[in-house]
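Residue strings, one per chain:
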There are 2 protein chains.
Amino acid sequence: MRTELCERLGIEYPIFAFTPSEKVAAAVSRAGGLGVLGAVRFNDASELDETLTWMDENTDGKPYGVDIVMPMKIPTEGKSVDLKAMIPEDHISFVEQTLLKLGVPPLPEGEGREGVLGWLHSTARSHVDVALNHRPVLIANALGTPPNDVIEQAHEHGVLVAALAGAAKHAASHVANGVDIIVSQGYEAGGHTGEIASMVLTPEIVDAVDVPVLAAGGIGCGRQVAASLALGAQGVWTGSLWLTVEEYDLGQSDAIQRALLKASSADTVRSRVYTGKPARLLKNKWTNAWEEEGAPAPLPMPLQNLLVSDAHNRMSNADDPDVVAMPAGQIIGRTNEVKPVAQVMAELISEYEETVARLEKIRG
Amino acid sequence: MRTELCERLGIEYPIFAFTPSEKVAAAVSRAGGLGVLGAVRFNDASELDETLTWMDENTDGKPYGVDIVMPMKIPTEGKSVDLKAMIPEDHISFVEQTLLKLGVPPLPEGEGREGVLGWLHSTARSHVDVALNHRPVLIANALGTPPNDVIEQAHEHGVLVAALAGAAKHAASHVANGVDIIVSQGYEAGGHTGEIASMVLTPEIVDAVDVPVLAAGGIGCGRQVAASLALGAQGVWTGSLWLTVEEYDLGQSDAIQRALLKASSADTVRSRVYTGKPARLLKNKWTNAWEEEGAPAPLPMPLQNLLVSDAHNRMSNADDPDVVAMPAGQIIGRTNEVKPVAQVMAELISEYEETVARLEKIRG
């Protein structure tokens, strides 16, 4: 399944794997896809630096990418402490009461952490600076077009820039601003997502832009890879598929792992409770609590994530798979056992090949 | 693109076209697909009888289908007048006030009609009785498994039974109850629909049942037909695509036609305001009014449709494309001009063939 984009990026299969785990990203790259490391979890740029050094040394010289979370417009921001002052007391109290009601204990003394700062513009910019000292072939931005100078900076290093889009007009605007690859993020996708489903969105974006498009949302088997290429994508962007692989080792709580393995495709919800922007998450007692009468509306990004970050840590520390905060797409219904990355890749490729052979037969 | 199901039904292409217009249904059948006439609009079974006689005579002897709306369980029902007594005054008042606010005039004297009775079990049953006196090859039920004796009745006439499903477990239950074909209705589809998008739902249903599956939701071009077959479907079930064809002649108001032609894929919403069950509709001032603070929750089926049926007539009679009540899927963004059925069919087929040729080339 070599598309033009494979040639351009030097990869064997147009399977892009977004993951916060460098072990998973490296394993995908070694297996011929493109592992894309999510940088948002690195509050400290030097940690990202070390991690990318590890990637450089553990990908058999094969290409990889880095994913950042950077708004095009530079928002007002201060230090973590200033932002925290903007969070209403009612919201803090709602979170506390909800955790109490759901039986989530406080963190052990001294284990509270500050929120994820990767949502901040300055942090995301430090991720780009650090990444470009390594050898990524792609920088992807989860929030659309990055600022112009970031695109120029990437291009000066020969690195392509991808941006997620949930609507054809956004995709066209990204391309007009210099983005090289569009990730068409369908409704069914995990994390930040819009309302148009992949079946409709992918060809709309393909028709609206003259750059390669990757289909994202709902892709977890070879039939879905073939369907995405049929829709005109030059590759697939996958995420949820890699949350339950053997190599995933971010100290994810056992409760989250169990929740992911048992979830069906009906067990997700699109909600603003994780970051302040609509994102698809596992649906459970925590997300349901925010939909009950009397619950406050989630705060805008980046306040919401600061509001709930301690709650996320507390839930991860507890042991209840029905009370976790975890982005996941509808495809999570297909990941019911832990497998090594190489096996997942091999299954995607062989089912893709069977599918195209079947289509050829139907065509007659 | 002949699949096994084509052989079984005696059709050339596995393109199923659900439409309330017999002219459109007949034209699709003549062009080698399967036109499926929606029966729900026929309050009087003798009208359906006449219409199917017309279909028998105007399909060049080619097969066609009939679509009914019948719950498996026989609900409590009375005559139209009894049901109307169950509608709360507040709801009636909200509808009246909303129409006033949106500038929708009352109907001319004497033009009020009773609501659509096709939602009633007894009416749907009369549709089946009438249909089986003609020569349909398929009876499809929009509400899942029809009652056992209806399935038996169809089978005795050599007619296959299809049922819509929005979840794999519902599909499995339909098949266990004797249904022959599953229509996998994705989130992006027009009319009654669930939350799982086509990309995820179609292969889930294909894996869950051992009967042919038709992919529905988001299909309006040949790439989407190819993608659906890649996902494992034996054909596609299309609906919105046929609302703007030249042959459509149900006296649909010009405002609805203009609304359909100008709508983008973002201009639909999944709402209970049309029938009481979640259905995807054009999003406009009417659907927005039901989402405002203070708006009542829609009533259960069949009460909601009775509540709003006069409102539907009034909106159709007015001339504002931003105030219409019209089921449509996200694919409506692709229907921007009026074309004859034969042209739509030819375009679907040729783009499908180009797509499979492109996939073969990528496969190398």
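Residues numbered from 1 in each chain as written. Chains lettered and ligands numbered in written order. Predicted model: local features only at pLDDT ≥ 70, side-chain atom pairs only at ≥ 80, totals over all residues. Heavy atoms only, no water.

A. Spatial organisation of the overall build of chain A. Summing up its helical and strand segments, chain A has 14 helices and 11 strands in all. Relative to the compact-globule value of 21 Å for 364 residues, chain A shows a C-alpha radius of gyration of 20 Å, a close match. Dimensions of chain A, computed from C-alpha atoms along their principal axes, come out at roughly 60 × 45 × 40 Å. Of all intrachain contacts in chain A linking residues separated by at least 6 positions in sequence, the fraction that spans at least 24 positions is 68%. Carbon and sulfur atoms form 49% of the exposed surface of chain A, whose accessible area is close to 13,800 Å². (Helix = DSSP H or I, 4+ residues; strand = E, 2+ residues; numbered from the N terminus. Rg over C-alpha atoms; globule rule 2.2 N^0.38 Å. Contact = heavy atoms within 4.5 Å. Areas by Shrake-Rupley, 256 points an atom, 1.4 Å probe, with all protein chains shown as cover.)

B. Structural detail: the packing of helix H2 (residues 22–30) of chain A against helix H3 (residues 45–57) of chain A. All names here are of chain A. Remark: H2 packs on H3, axes separated minimally by 10 Å, with the N-to-C direction vectors making an angle of 25°. It follows from the interaxial angle that H2 and H3 lie roughly parallel. The two elements H2 and H3 meet at a crossing, and its hand is right-handed. Taken together, the residues of H3 that come into contact with H2 (itself represented by Glu-22, Lys-23, Ala-25 and Ala-26) are Thr-51, Trp-54 and Met-55. Looking at the contact of H2 with H3 residue by residue, the class counts come to 4 nonpolar, 1 polar and 2 charged. (Axes fitted to C-alpha atoms, helices over the stretch in contact; angles between N-to-C directions. Parallel < 35°, antiparallel > 145°, perpendicular 65-115°, else oblique. Left-handed = near helix turned anticlockwise from the far one by under 90°. Nonpolar A, V, L, I, M, F, W, Y, C, P; charged D, E, K, R; others polar.)

C. Structural view of the interface of chain A and chain B. Taken residue by residue, the interface counts 42 residues in chain A and 42 residues in chain B. Both sides together, the interface formed by chain A and chain B hides about 3,600 Å², and carbon and sulfur atoms give 57% of it. Among the residues of chain A in contact with chain B, A:Met199, A:Ile362 and A:Arg363 are the three that bury the most area, contributing 19% of the side total. Notably, a salt bridge pairs A:Glu360 with B:Arg363, separated by 3.3 Å at the nearest N-O pair. Remark: the boundary between chain A and chain B carries 18 residue pairs in polar contact (both at pLDDT 80 or more). Elements supplying a minimum of two residues to the side of chain A that touches chain B: helix H9 (198–208), helix H10 (222–230) and helix H14 (341–363) of chain A. For the side of chain A that touches chain B, the element with the highest residue contribution is H14(A), accounting for 10 residues. Residues belonging to the side of chain A that touches chain B are distributed by class as follows: 20 nonpolar, 11 polar and 11 charged. (Buried area = accessible area lost by both parts, 1.4 Å probe. Salt bridge = Lys/Arg side-chain N within 4 Å of Asp/Glu carboxyl O. Polar contact = N/O pair within 3.5 Å; in protein donor to acceptor, adjacent residues only side chain to side chain.)

D. Layout of H2(A). Residue and element names in this part refer to chain A. Summarising burial for H2: 7 of the 9 residues are buried, a large majority. Glu-22, Val-24, Ala-25, Ala-26, Ala-27, Val-28 and Ser-29 are the residues of H2 that are buried. Looking at the packing, one finds that the buried side of H2 touches strand E1 (15–19), strand E2 (34–38), H3, strand E3 (64–68) and H14. N-cap assignment for H2: the residue whose side-chain oxygen lies 3.3 Å from the backbone N of Lys-23 is Ser-21. (Buried < 20%, exposed > 50% of the residue type's maximum accessible area, 1.4 Å probe, protein only.)

E. Spatial organisation of the relation of the copies chain A and chain B. Mapping chain A onto chain B is achieved by rotating through 180° and translating by 0.0 Å along the same axis, at an RMSD of 0.0 Å. Taken together, the rotation angle and the small translation identify this as a two-fold axis. Considering only C-alpha atoms, the part of chain A nearest the rotation axis is A:Ala227, at 2.0 Å. Most of the interface of chain A is mirrored in chain B, where 100% of its interface residues are also at the interface. (Least-squares fit on C-alpha atoms with pLDDT ≥ 70 in both.)

F. Just the environment of A:Arg30, in detail. Residues and elements named next belong to chain A. In this structure, Arg-30 sits in helix H2. Taking the C-alpha atoms as reference points, Arg-30 and Leu-164, separated by 134 residues in sequence, lie 24 Å from one another. A polar atom in the side chain of Arg-30 sits 2.8 Å from the backbone oxygen of Asn-58.

G. View of the sheet that holds E1(A). Residues and elements named next belong to chain A. Read around the barrel, 8 strands follow the order E1-E2-E3-E4-E5-E6-E8-E9 and close on themselves; strand pairing throughout is parallel. Each adjacent strand pair in this sheet contributes to an overall mean axis angle of 25°, direction not counted. Pairing analysis gives 4 bridges linking E2 to E3, with the strands arranged parallel. Within the sheet, the bridge partner assigned to Val-36 lies in E3 and is Gly-65. On the sheet, helix H8 (residues 168–176) packs against strand E5 (160–165) and strand E6 (181–185) and is oriented at approximately 160° with respect to E5. (Pairing = 2+ DSSP bridges.)

H. Inspection of the environment of A:Ala124 at higher detail. With respect to the secondary-structure elements, A:Ala124 resides in helix H6 (residues 121–131). Overall, the relative accessible area of 0% leaves A:Ala124 in the buried class.

I. Just the domain arrangement of chain A, in detail. All names here are of chain A. Under the domain assignment used here, chain A contains domain 1 (4–75 + 120–247 + 343–363) and domain 2 (80–116 + 254–317). Counting residues at the interface gives 15 residues for domain 1 and 15 residues for domain 2. Summing both sides of the interface, domain 1 and domain 2 together bury roughly 1,200 Å²; the carbon and sulfur share of this comes to 59%. The interface formed by domain 1 and domain 2 contains 1 salt bridge. The salt bridge involving Arg-270 is made with Glu-195; its shortest N-O contact spans 3.9 Å. Summed over the shared surface of domain 1 and domain 2, the result is 7 residue pairs in polar contact (both at pLDDT 80 or more). Grouping the amino acids of the side of domain 1 that touches domain 2 by side-chain chemistry returns 6 nonpolar, 7 polar and 2 charged. (Domains from an automatic or database assignment.)

J. Here's a closer look at the packing of aromatic side chains. Scanning the model with the defined rule gives 7 aromatic pairs over all chains in all. Between the aromatic rings of B:Phe18 and B:Trp237, the centroid separation amounts to 6.3 Å while the plane-to-plane angle is 15°, which identifies the pairing as stacked. Remark: B:Trp237 occurs in strand E9 (residues 235–238) and B:Phe18 occurs in strand E1 (residues 15–19); sequence separation between them is 219 residues. The class for B:Trp237 is buried, based on a relative accessible area of 7%. An angle of 80° between the planes, with centres 5.9 Å apart, marks the rings of B:Trp286 and B:Trp290 as edge-to-face. Ring pairing ties together the aromatic residues A:Phe94, A:Trp286 and A:Trp290, which thus form one cluster. Here the basic side chain of A:Arg280 rests over the ring of A:Tyr187, its NZ or CZ set 4.4 Å away from the ring centre. (Phe/Tyr/Trp six-rings, centres within 6.5 Å; stacked < 30°, edge-to-face > 60°. Lys NZ or Arg CZ within 6 Å of the ring centre and 35° of its normal.)

K. Local environment of the nonpolar core. With 84 residues, the main nonpolar core has A:Trp242 and B:Trp242 as its most contacted residues. If we ignore the near neighbours within four places in the chain, the residues touching A:Trp242 are A:Ile15, A:Ala17, A:Phe18, A:Val24, A:Val28, A:Tyr248, A:Val341, A:Val344, A:Met345 and A:Leu348. (Core = buried A, V, L, I, M, F, W, Y, C linked by side-chain atoms within 4.5 Å.)

L. Structural view of the pairing of strand E8 (residues 213–216) of chain B. Residue and element names in this part refer to chain B. A two-sided burial pattern is seen for E8, the buried positions comprising Val-213 and Ala-215 on one face and Leu-214 and Ala-216 on the other. Looking at chain direction, strand E6 (residues 181–185) and E8 are connected through 4 bridges and run parallel. Counted as the bridge partner of Ile-182 is Val-213 from E8. One ladder, built from 3 bridges, connects E8 with E9; its direction is parallel. Each bridged residue has a counterpart across the sheet, and for Ala-215 the counterpart in E9 is Val-236. A crossover connection joins E8 to the parallel E9 through helix H10 (residues 222–230); in handedness this β-α-β unit is right-handed. (Right-handed = clockwise from strand over helix to strand, strands pointing away.)

M. Main features of the pattern of salt bridges. Residue and element names in this part refer to chain A. Applying the stated criterion to the full structure yields 29 salt bridges over all chains. Across the pair Arg-125 and Asp-149 runs a salt bridge whose closest N-O atoms are separated by 2.6 Å. A residue pair is termed long-range when its members are at least 10 positions apart, and Arg-125 in helix H6 and Asp-149 in helix H7 (residues 148–156) qualify at 24 residues. On the accessibility criterion, Arg-125 (22% relative accessible area) is partly exposed. A salt bridge links Asp-254 to Arg-258; the shortest N-O distance between them is 3.1 Å.

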